[in-house]
Amino acid sequence: MSLKTSDFYYDLPKELIAQHPLEDRSSSRLLIANRYDKNLKEDIFKNIINYLNKGDVLVINNTKVIPARIHGHRKDKEENIEILLLTRKGDIWECLVKPGKKVKIGTEIIFSDKLKAEVIDISEDGNRFIKFIYEGIFEEILDQLGEMPLPPYIKEKLDDQTRYNTVYSKIEGSAAAPTAGLHFTKELLEQIKNKGVKIAPITLHVGLGTFRPVKVEDVEKHHMHSEYYMVSEESASIINDAKKNGNKIIAVGTTSMRTLESVADKNGMLKETRGWTDIFIYPGYEFKCVDSLITNFHLPESTLLMLVSAFSSKDIIFNAYEYAIKNKFRFFSFGDAMFLRGKDV
């Protein structure tokens, strides 16, 4: 019997969608849930350290969100064309464009004296492939002209753009933040390291395809967009050593989880690698590498809700979500967190 997208619907009061990050990143609420039963416990995120053991590995995604939303116009036209940078392949970017009807192959778009662009192709789903022409360093121009691409459910302006990046963000390339990591402060990470927990950074440049609504009722017919990942030799070694020693691998966020599960062999071992993944994890998936997951609360009918349901079970996850709604947890990108624990963590 096939899985239905509608099986993953739940009703969320709009007032529970967090519009702003908390002043102190680590003061978010934390719901401690067991991967294998319905036991729940409330805590504060900074106390996550109490649930981590010496020798365990915290796998973090060190991607950095770029100010990927830029506004321009066609030559000699007064209008606003919005470009959202999705994925870079050399000098070409795959982009979402609004309004798309005005932007055909060959269209020139002007953003400023220093930045212009030409549309060179259009994908099957309407995304534009755009070549940018600029003077100077592209990333510096983007910093001046671009805006952080906040998700559509955040209606209010973000005063401090750095709050949509983790404190350990390093490698530029994401169109969306790996939001489970937003709860960590540098101080908390130092305390975790001092306890003897290893930190293993990996990279997955998060595309908006991760958050794309599932438009088919048969879950298995949904196709994920590809995202670029990198796993260093050092991080692979840290993770492999922990597994050999019987320690736990804790993924910070679904992006870290998807990367690990994309590259691990059948024994959960990793090697230095880089490439593209379109892995789609839904109930029935057999996990190879990850023991526990730190994650935020996800949208109804989303691939991320399906992923956490696969890691635990739909009943256990929906029980936790029901508790979170009843107790007014904050949801989505700037919301509260859940620690989905494996055995003996």
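Residues numbered from 1 in each chain as written. Predicted model: local features only at pLDDT ≥ 70, side-chain atom pairs only at ≥ 80, totals over all residues. Heavy atoms only, no water.

The protein carries the name S-adenosylmethionine:tRNA ribosyltransferase-isomerase in an unreviewed UniProt entry, which gives Peptoniphilus koenoeneniae as its organism. A UniProt comment under Catalytic activity (unreviewed entry) is attached to the protein, and it reads "7-aminomethyl-7-carbaguanosine(34) in tRNA + S-adenosyl-L-methionine = epoxyqueuosine(34) in tRNA + adenine + L-methionine + 2 H(+)". (UniProt positions renumbered as here; feature names shortened; annotations may be inferred.)

(A) Representation of the overall build of the protein. Within the protein, the secondary structure is distributed over six helices and 17 strands. For 345 residues, the compact-globule estimate of 2.2 N^0.38 gives 20 Å, and the C-alpha radius of gyration of the protein, at 20 Å, lies within 12% of that figure. With respect to the three principal axes, the spread of C-alpha positions in the protein is 65 × 40 × 40 Å. Counting only residues that meet the buried cut, the protein has 54% of its 345 residues in that class. Taking contacts inside the protein between residues at least 6 apart in sequence as the whole, the part at least 24 apart equals 71%. Here the protein displays about 16,400 Å² of accessible surface, and carbon together with sulfur accounts for 47% of that area. Side-chain charges in the protein split into 49 positive and 50 negative, and the spacing between the mean points of these groups amounts to 2 Å. (Helix = DSSP H or I, 4+ residues; strand = E, 2+ residues; numbered from the N terminus. Rg over C-alpha atoms; globule rule 2.2 N^0.38 Å. Buried < 20%, exposed > 50% of the residue type's maximum accessible area, 1.4 Å probe, protein only. Contact = heavy atoms within 4.5 Å. Areas by Shrake-Rupley, 256 points an atom, 1.4 Å probe, with all protein chains shown as cover. Lys, Arg positive; Asp, Glu negative; His and termini not counted. Charge placed at Lys NZ, Arg CZ, Asp CG, Glu CD.)

(B) Molecular detail of helix α5 (residues 303-311). The buried fraction of α5 amounts to nine of the nine residues, a majority that puts the element mostly inside the structure. If you check which residues of α5 are buried, you get Thr303, Leu304, Leu305, Met306, Leu307, Val308, Ser309, Ala310 and Phe311. If you follow the buried residues of α5, they end up packed against α4 (254-263), β16 (292-296), α6 (314-326) and β17 (337-341).

(C) Region of interest: the packing of α4 against α5. At a minimum axis distance of 11 Å, the contact between α4 and α5 shows a crossing angle of 65 degrees. α5 is crossed by α4, and the crossing has left-handed handedness. When α4 is examined against α5, the residues Thr254, Met257 and Arg258 are found in contact with a partner set consisting of Leu304, Leu307, Val308 and Phe311. When its residues are assigned to classes, the contact of α4 with α5 shows five nonpolar, one polar and one charged. (Axes fitted to C-alpha atoms, helices over the stretch in contact; angles between N-to-C directions. Left-handed = near helix turned anticlockwise from the far one by under 90°. Nonpolar A, V, L, I, M, F, W, Y, C, P; charged D, E, K, R; others polar.)

(D) Summary view of helix α3 (residues 233-244). Along its twelve residues, α3 runs 16 Å from first to last C-alpha, staying within 8% of the 16 Å computed at 1.5 Å per residue. Every buried residue belonging to α3 is among Ser235, Ala236, Ile238, Ile239, Asn240 and Ala242, and all of these are buried. Residues of α3 that are buried in the fold lie against β3 (57-61), β12 (198-204), β13 (227-231), β14 (249-252) and α4. Gly246 sits one or two positions beyond α3 and adopts a positive phi of about 80 degrees. (Expected span 1.5 Å × (residues − 1).)

(E) View of the sheet that holds strand β9 (residues 115-122). An order of β5-β6-β7-β10-β9-β8 is seen for the six strands of this closed barrel, with the pairing classed as antiparallel. Recorded for the sheet is a direction-independent mean angle of 45 degrees between the axes of neighbouring strands. This element, helix α1 (residues 138-145), spans β5 (69-74), β6 (81-89), β7 (92-98), β8 (108-112), β9 and β10 (128-134) of the sheet and lies at about 150 degrees to β6. (Pairing = 2+ DSSP bridges.)

(F) Region of interest: the packing of aromatic side chains. If you walk through the whole model with that rule in mind, you get 20 aromatic pairs. With a centroid separation of 5.0 Å and 75 degrees between ring planes, the pair formed by Phe287 and Phe311 is classed as edge-to-face. In this pair, Phe287 is assigned in the loop between β15 (273-277) and β16 and Phe311 in helix α5, connecting sequence segments 24 residues apart. Assigned by exposure class, Phe287 and Phe311 land together as buried. In textbook terms, an aromatic cluster arises when at least three aromatic residues are bridged by ring pairs, as seen for Tyr10, Tyr153, Phe297, Phe318, Tyr321, Tyr323, Phe329, Phe331 and Phe332. Cation over ring: Arg29 sits above Phe329, and NZ or CZ is 3.9 Å from the ring centre. When the ring centre of Phe287 is taken as origin, the NZ or CZ atom of Arg35, which lies over that ring, is 5.7 Å away. (Phe/Tyr/Trp six-rings, centres within 6.5 Å; stacked < 30°, edge-to-face > 60°. Lys NZ or Arg CZ within 6 Å of the ring centre and 35° of its normal.)

(G) Structural detail: the environment of Ser26. By the secondary structure assignment, Ser26 is in the segment before β1 (29-34). Relative accessible area serves as the criterion here: at 5%, Ser26 is assigned to the buried category. The spatial distance from the C-alpha of Ser26 to the C-alpha of Glu135 is 40 Å, given a sequence separation of 109 residues. Once residues lying within four places of it in the same chain are set aside, the contact partners of Ser26 are Ile44, Phe45, Lys46, His183, Thr185 and Leu188.

(H) Spotlight on the pairing of β5. Across four bridges, the pairing between β5 and β6 is antiparallel. When the sheet's bridge partners are listed, His71 is paired in β6 with Glu82. For β5 and β8, the ladder comprises two bridges, and the chain directions are antiparallel. Bridge assignment links His73 to a residue of β8, and that residue is Ile110.

(I) Molecular detail of the pattern of salt bridges. Taken as a whole and judged by the stated rule, the model has nine salt bridges. One salt bridge connects Arg74 with Glu79, and the closest N-O pair in it is separated by 3.0 Å. A salt bridge links Arg258 to Glu227; its shortest N-O distance comes to 2.4 Å. Of the two residues, Arg258 sits in helix α4 while Glu227 sits in strand β13, which places them 31 residues apart along the sequence. One exposure class covers both Arg258 and Glu227, and it is buried. Taken together, the shared-partner salt bridges in this structure form one network comprising Arg74, Glu79 and Lys102. (Salt bridge = Lys/Arg side-chain N within 4 Å of Asp/Glu carboxyl O.)

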